[in-house]
Amino acid sequence: MERVVLVTGASGGVGLALCKRLLDEDGRIHLCIACRNEQKSEATRDLILATHPSAQVSTVEMDLGNLASVLRAARELRCRFQRLDFVYLNAGIMPNPHVNFKALWHGLLTGRLLHMLTTAEGIMTQTDRLNGDGLQEVFATNLFGHFMLVRQLESLLCGNEKPSRLIWTSSSNARESAFSLSDYQHAKGQESYSSSKYATDLTSVVLNRKFNDQGLYSSVVCPGLVMSNMTYRILPVFLWMLLMPIMWLIRFFAKTYTLTPYNGAEAHVWLFKQKPEYLDSLVKYHSCTSGLGRCYVEPRKMDVDEDTAEKLYQKLLELEEQSLEKYHDLLD
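Quick summary incoming for the structure in this document. Just so it is clear, the model here is predicted, and its values are computed rather than measured.

A word on the overall build of the chain. From N to C terminus, the chain includes 13 helices and ten strands. Radius of gyration (C-alpha) of the chain: 19 Å, near the 20 Å computed for a compact globule of 332 residues. Of the roughly 15000 Å² of accessible surface on the chain, a fraction of 52% belongs to carbon and sulfur atoms.

Another point: a negative patch on the surface. Residues E38, E42, D46 and E61 make up a contiguous surface patch of negative charge. Considering every element that reaches the negative patch, the biggest residue donor is helix α2 (residues 38-51), with three residues. Structurally, E38 is set in helix α2.

All right, on to the side chain of R83 then. Mapped onto the elements of the fold, R83 is located in the loop between α3 (67-80) and β4 (86-89). Residue R83 is classed as buried on the basis of its relative accessible area of 18%.

What follows deals with the sheet that holds strand β10 (residues 295-301). What the eight strands build is an open sheet, ordered β3-β2-β1-β4-β7-β8-β9-β10; its pairing is mixed. Among the strands making up the open sheet, the edge pair consists of β3 (56-61) and β10. Between one strand axis and the next, the sheet turns through 25 degrees on average, direction left out of account. The sheet contact formed by strand β2 (residues 30-35) and β3 spans six bridges and is parallel. Residue C35 lies in a different strand from β3, and its bridge partner there is E61.

This part is about the side chain of H286. Its place among the elements puts H286 in strand β9 (residues 283-289). Assessed through its relative accessible area of 5%, H286 is described here as buried. In this view, H286 contacts S172, C222, A267, Y296, V297, E298 and R300; residues no more than four positions away in its chain are not counted.

So, on to the packing of aromatic side chains. Scanning all chains against the criterion turns up eight aromatic pairs. For the ring pair F147 and Y313, a centre distance of 5.6 Å and an interplane angle of 85 degrees mean the geometry is edge-to-face. Of this pair, F147 sits in helix α6 (residues 137-152) while Y313 is found in helix α13 (residues 306-326), placing the two residues 166 residues apart along the sequence. For the pair shown, F147 and Y313 are each scored as buried. Clustering of aromatic rings is evident, with ring pairs tying together F139, F144, F147, Y184 and Y313.

In this section: the packing of α3 against α6. Here α3 crosses α6 at 30 degrees, and the two axes come no closer than 9 Å. Taken together, the axes of α3 and α6 are roughly parallel relative to one another. Of the two possible hands of crossing, α3 and α6 adopt the one that is right-handed. Every residue of α6 that contacts α3 at L67, V70, L71, A74, L77 and R78 is listed here: F144, G145, M148, L149 and Q152.

By the element assignment, T260 lies in the loop between α10 (237-250) and α11 (261-264). With relative accessibility at 27%, the residue T260 sits in the partly exposed group. Separated by 243 residues in sequence, T260 and A17 place their C-alpha atoms 9.1 Å apart.

Let's shift gears to α6. If you look at α6, its biggest bend is around 40 degrees, right at F144. Most of α6 sits inside the fold, with 15 of its 16 residues counted as buried.

In the Ramachandran plot, H186 falls in the positive-phi region, its phi being about 60 degrees despite a non-glycine side chain. Take H186: it is sitting in the loop between β7 (164-169) and α8 (192-211). In this structure, L259 takes a positive phi of about 70 degrees despite not being glycine. As for its placement among the helices and strands, L259 is situated in the loop between α10 and α11.

The next subject is the pattern of salt bridges. Summed over the entire model, instances satisfying the criterion amount to 18 salt bridges. E306 is the salt-bridge partner of R209, the closest N and O atoms lying 2.9 Å from each other. Placement of the pair is R209 in helix α8 and E306 in helix α13, with a sequence separation of 97 residues. Looking at R209, the relative accessible area reads 41%, which means it is partly exposed.

So, on to the state of the cysteines. Across all of its chains, the model carries zero disulfides by this definition. Looking at the unpaired C222, the closest cysteine sulfur is the one in C288, lying at 8.1 Å. Judged by its relative accessible area of 2%, C222 is buried.

What counts and how
- Along each chain, residue indices are assigned from 1 in the same order as the chain's sequence is written.
- Where local features are concerned, this predicted model is filtered to residues with pLDDT of at least 70; where side-chain atom pairs are given and counted, the filter is 80 or more; whole-chain, interface and lining totals use all residues.
- Side-chain calculation: all heavy atoms of the structure are included, whereas hydrogens and water are not.
- Only DSSP runs of H or I with at least four residues qualify as helices, and only runs of E with at least two residues qualify as strands; both kinds are numbered from the N terminus onward.
- Two things to know: the radius of gyration comes from C-alpha atoms, and the globule rule equals 2.2 Å times the number of residues to the power 0.38.
- All accessible-area figures derive from a Shrake-Rupley calculation using a 1.4 Å probe, and residue coverage is judged against the displayed protein chains alone.
- Each patch is assembled from residues with relative accessible area greater than 30% and no salt bridge, linking like charges that lie within 9 Å and nonpolar side chains (Val, Leu, Ile, Met, Phe, Trp, Tyr) that lie within 5 Å.
- Salt bridges, as used here, are contacts in which a Lys or Arg side-chain nitrogen is within 4 Å of a carboxyl oxygen on Asp or Glu.
- In this count, Lys and Arg are taken as positive residues and Asp and Glu as negative ones, while His and the chain termini are left out.
- Every charge is mapped onto a representative atom, which is NZ of Lys, CZ of Arg, CG of Asp or CD of Glu.
- Burial here depends on accessible area, computed with a 1.4 Å probe over protein chains only, as a share of the maximum for the residue type. Under 20% is buried, over 50% is exposed, and the range in between is partly exposed.
- By this definition, two strands are paired if DSSP reports at least two bridges between them.
- For helices, the axis comes from a line fit to the C-alpha atoms of the stretch in contact; other axes are also lines fit to C-alpha atoms, and the angle between any two N-to-C directions lies between 0 and 180 degrees.
- Throughout, a residue-residue contact means that at least one pair of heavy atoms, one from each residue, lies within 4.5 Å.
- A pair of Phe, Tyr and Trp rings is counted when the ring centres sit within 6.5 Å of each other, with Trp represented by its six-membered ring. The angle between the planes then sorts it: under 30 degrees is stacked, over 60 is edge-to-face, the rest tilted.
- Angles below 35 degrees are treated as roughly parallel, those above 145 as roughly antiparallel, those between 65 and 115 as roughly perpendicular, and all remaining angles as oblique.
- Each crossing is labelled by how the near helix is turned from the far one, with a counterclockwise turn of less than a right angle marking it left-handed and a clockwise turn marking it right-handed.
- A residue's bend is simply the angle between two axes: one fitted to the seven residues ending at it, one to the seven starting at it.
- Throughout, a disulfide means two cysteine sulfur atoms within 2.5 Å of one another.

Given below as structure tokens:
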């Protein structure tokens, strides 16, 4: 039977490039793309079929920032498939990003500029808000919606003849300093994106501990700095155009400047070809591109505390229980 691959956030950027690259690797897979609405789903399906006309591509409507939408999509997927081989948890948001140019200047004077440019540490903030479920929007979309999806799809992911895989799109911006267990939704800070990605890393570590013996393995990747709709919101487009030649030069010194969605999907595709039993659950796999444009993957040990990871997981379970009480009518 063909392998079934689900990709969230498939309508553009790394998600769309990933879908096309996966079909290049194995045209026999059944690719299911999850987008926020039917129009995006059908438009994305048409784009994929334009380059891979014989591919098996289905769609599911799913807004990761809306728990009712996640539960409806999970119910539909359980009815449609008997198993899932890969779930790429790729959808994410970074609303209202702001650049701290004063911090950039300070980084230049102190010799930390390259580090800041590759991790966005200290130079990138966001203004978050509550969503319709009363959750912080970035936390809900980047982490908790995906967590709920995984929990709802356990019957399709566990106990299969071959291992199933979860592959989370994290970031080099995932920093412990931006995360607080007492404020895990990051309601009080201004680095919600970094916090949500660090929480993603923590969650992946615990999922491996809980589910490896049931044949489910979790990995995290960093696509590097990719020019996408999310990135273009940080600065005006004309400024990006002026900066692009400089960014191509920076790539000779900063290998995580992958720049294109195709390059950014390198680690995602590399993991598609690996045996999960031999992967390190405490490693993040980074998409990298050399100055001359060669794509490769670099594994880096994650800076995560496993005790904190377990405590966060318990908090997510408690929040899940509260959420399911609210939406019990959407459960089987």
